[in-house]
Amino acid sequence: MSRNFGKVAVLMGGPSAEREVSLKSGNAVLAALKRKGVDAHGFDADKSTLRQLEDGKFERVFIVLHGRWGEDGVIQGALEVLDIPYTGSGVLGSALGMDKLRTKYLWSAAGIPTPEYAVLEAGTDFDKVAAKLGLPVFVKPVREGSSLGVSKARTVAELKAAWKSAAKYDDQVIAERFIDGAEITCGILGDQALPLIRIETDREFYDYEAKYILDTTRYLCPCGLPADQERAIQALAQRAFAALGCSGWGRVDFMLDKDGRAYALEVNTVPGMTDHSLVPKAAQQAGMNFDELVLKILETADVER
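- If you check an unreviewed UniProt entry, the protein chain appears there as D-alanine--D-alanine ligase from Sulfuricaulis limicola.
- The UniProt entry for the protein chain carries this comment under Pathway (unreviewed entry): "Cell wall biogenesis; peptidoglycan biosynthesis."

## Topic: the sheet that holds strand S6 (residues 151-153)
Thinking step 1. Judged by pairing direction, the sheet is antiparallel, and its four strands sit side by side in the order S4-S7-S5-S6 without closing on themselves. Both edges of this open sheet fall to strand S4 (117-120) and S6, since each of them pairs with a single strand only. The mean angle between the axes of side-by-side strands here comes to 30 degrees, regardless of whether they run parallel or antiparallel.
Thinking step 2. In terms of strand pairing, strand S5 (residues 137-141) meets S6 through three bridges, oriented antiparallel.

## Here's the deal with the side chain of Glu176
Thinking step 1. Locating Glu176 in the fold gives a position in strand S7 (residues 173-177).
Thinking step 2. If near-sequence neighbours (up to four positions away) are discounted, Glu176 is found in contact with Lys104, Pro115, Glu116, Tyr117, Leu133, Val137, Phe138, Lys140 and Leu265.

## Some thoughts on the sheet that holds strand S3 (residues 60-63)
Thinking step 1. The strand order S2-S1-S3 describes an open sheet built from three strands, whose pairing is parallel. The sheet is open, and its two edges are formed by strand S2 (39-44) and S3, each paired on a single side. Strand-to-strand twist in this sheet, taken as the mean axis angle between neighbours without regard to direction, amounts to 25 degrees.
Thinking step 2. Note that strand S1 (residues 7-12) and S3 share four bridges and pair parallel. Opposite Ala9, over in S3, you have Val61 as the bridge partner.

## Some thoughts on the domain arrangement of the protein chain
Thinking step 1. Domains assigned within the protein chain are domain 1 (8-87), domain 2 (116-177) and domain 3 (180-300).
Thinking step 2. On a C-alpha basis, the centres of domain 1 and domain 2 stand 33 Å from each other.

## Quick notes on unusual backbone geometry
Thinking step 1. Residue Pro136 is bonded to the preceding Leu135 through a cis peptide linkage, with omega at 0 degrees.
Thinking step 2. Relative to the elements of secondary structure, Pro136 occurs in the loop between helix H6 (126-133) and S5.
Thinking step 3. Here the bond from Cys221 into Pro222 is cis, since omega is 10 degrees, no more than 30 degrees from zero.
Thinking step 4. Among the structural elements, Pro222 can be located in the loop between strand S11 (218-220) and helix H9 (227-243).
Thinking step 5. In this structure, Trp69 is a non-glycine residue whose phi angle is positive, near 85 degrees.

## Some remarks on the environment of Lys7
Thinking step 1. On the secondary structure map, Lys7 appears in strand S1.
Thinking step 2. Here Lys7 falls in the partly exposed class, since its relative accessible area comes to 25%.
Thinking step 3. Taking C-alpha positions, Lys7 is 7.8 Å from His41, a pair spaced 34 residues apart along the chain.
Thinking step 4. Every residue in contact with Lys7, bar those within four places of it in the chain, is listed here: Asp39, His41, Gly56, Lys57, Phe58, Glu59 and Arg60.

## Comments concerning empty space enclosed by the protein
Thinking step 1. In total, this model carries two cavities of 30 Å³ or more according to the counting rule given.
Thinking step 2. Quantified by volume, the second largest cavity comes out at close to 30 Å³.
Thinking step 3. Taken together, Ile63, Gln76, Thr87, Gly88, Ser89, Ser94, Trp249, Thr269 and Val270 form the lining of the second largest cavity.
Thinking step 4. When grouped by side-chain class, the residues that make up the lining of the second largest cavity number three nonpolar, six polar and no charged.

## Some points on H9
Thinking step 1. Taking 1.5 Å as the rise per residue, H9 with 17 residues should run 24 Å; its terminal C-alpha atoms sit 24 Å apart, in good agreement.
Thinking step 2. When H9 is considered as a whole, its buried residues turn out to be Glu230, Ile233, Gln234, Leu236, Ala237, Ala240 and Phe241. With its buried residues spanning 165 degrees around the axis, H9 presents them on a single face. Across H9 from its buried face, at more than 90 degrees, point the exposed residues Asp228 and Arg231.

Calculation criteria
Residues numbered from 1 in each chain as written. Predicted model: local features only at pLDDT ≥ 70, side-chain atom pairs only at ≥ 80, totals over all residues. Heavy atoms only, no water. UniProt positions renumbered as here; feature names shortened; annotations may be inferred. Pairing = 2+ DSSP bridges. Helix = DSSP H or I, 4+ residues; strand = E, 2+ residues; numbered from the N terminus. Axes fitted to C-alpha atoms, helices over the stretch in contact; angles between N-to-C directions. Contact = heavy atoms within 4.5 Å. Domains from an automatic or database assignment. Buried < 20%, exposed > 50% of the residue type's maximum accessible area, 1.4 Å probe, protein only. 1 Å grid on protein atoms, 1.4 Å probe; cavity = no way out; pocket = protein on both sides within 12 Å on 5 of 7 lines; lining within 4 Å. Points joined across faces, edges and corners; volume = space filled by probe spheres on them. Nonpolar A, V, L, I, M, F, W, Y, C, P; charged D, E, K, R; others polar. Expected span 1.5 Å × (residues − 1). Arc of directions from axis to C-beta.

Here is the structure:
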């Protein structure tokens with residue numbers, strides 16, 4: 001039996017574009033908690049959930065809501081008002097982690113390497129952006145996850161089309177310099193950086209299909225980097241995570257250039273917890289099975305923010 005966590009709510013689903021992935025993650029977390037003897041209850045979160053949490057006298061919340069409303073500080077703020085401890089980052093860390101543009105501002109100020117970027121809008125001179133960043137570039141909605149709305153543009157015409165596509169997900173869009181090298185991710189659990197994972201895909205980039213649907217995506221852990229380089233990237237991940245005020249657990253994604261220099265792309269404050277997900281793979285490499293990982297994440301709900 002596990003320690004007594006009291007009555008625990010697992011929040012999943014919700015109204016975001018990442019709803020289906022969240023339901024899969026949430027059900028995996030719920031099953032793991034139950035296997036560990038935790039009094040856990042699943043909620044497909046909606047407007048009635050807060051009242052149910054209060055009326056049900058829940059003592060902790062495990063947040064497995066991906067995307068807006070659940071990963072952007074909104075549900076965190078509501079739980080602060082209810083005075084119910086919850087997993088993961090607080091209001092500020094969640095809001096900043098969801099916002100790729102503000103993340104860029106803070107990382108640049110903190111001296112954390114991140115790819116050069118430009119904000120795209122209707123009046124943008126797309127030729128100038130292409131000249132500044134070079135082609136190809138990645139185009140991304142500022143506040144969306146799971147690579148939704150992300151595309152790679154090789155020409156100015158594609159750049160404009162990519163902006164229009166991304167703008168369907170968010171009214172703020174950025175173009176980001178393409179770093180041609182390995183994709184690396186680092187899971188964070190409390191004050192520990194987990195082993196790095198190298199991601200390899202036959203697709204253009206690590207998109208939604210590569211993340212959640214295809215079985216051809218390769219996850220290399222150990223990642224194959226020299227030990228001192230891996231330690232340096234883990235330390236950079238912890239700095240990048242802390243710079244946004246993030247806490248508890250999460251994941252920092254990087255691209256390595258041809259010289260092996262790491263550029264931070266973004267932070268995920270509620271990473272996926274499915275069979276394709278990265279934090280469970282890294283935890284397994286560190287000697288922790290899925291159920292143990294879930295319990296350790298739940299313990300972060302005790303940490304004072």
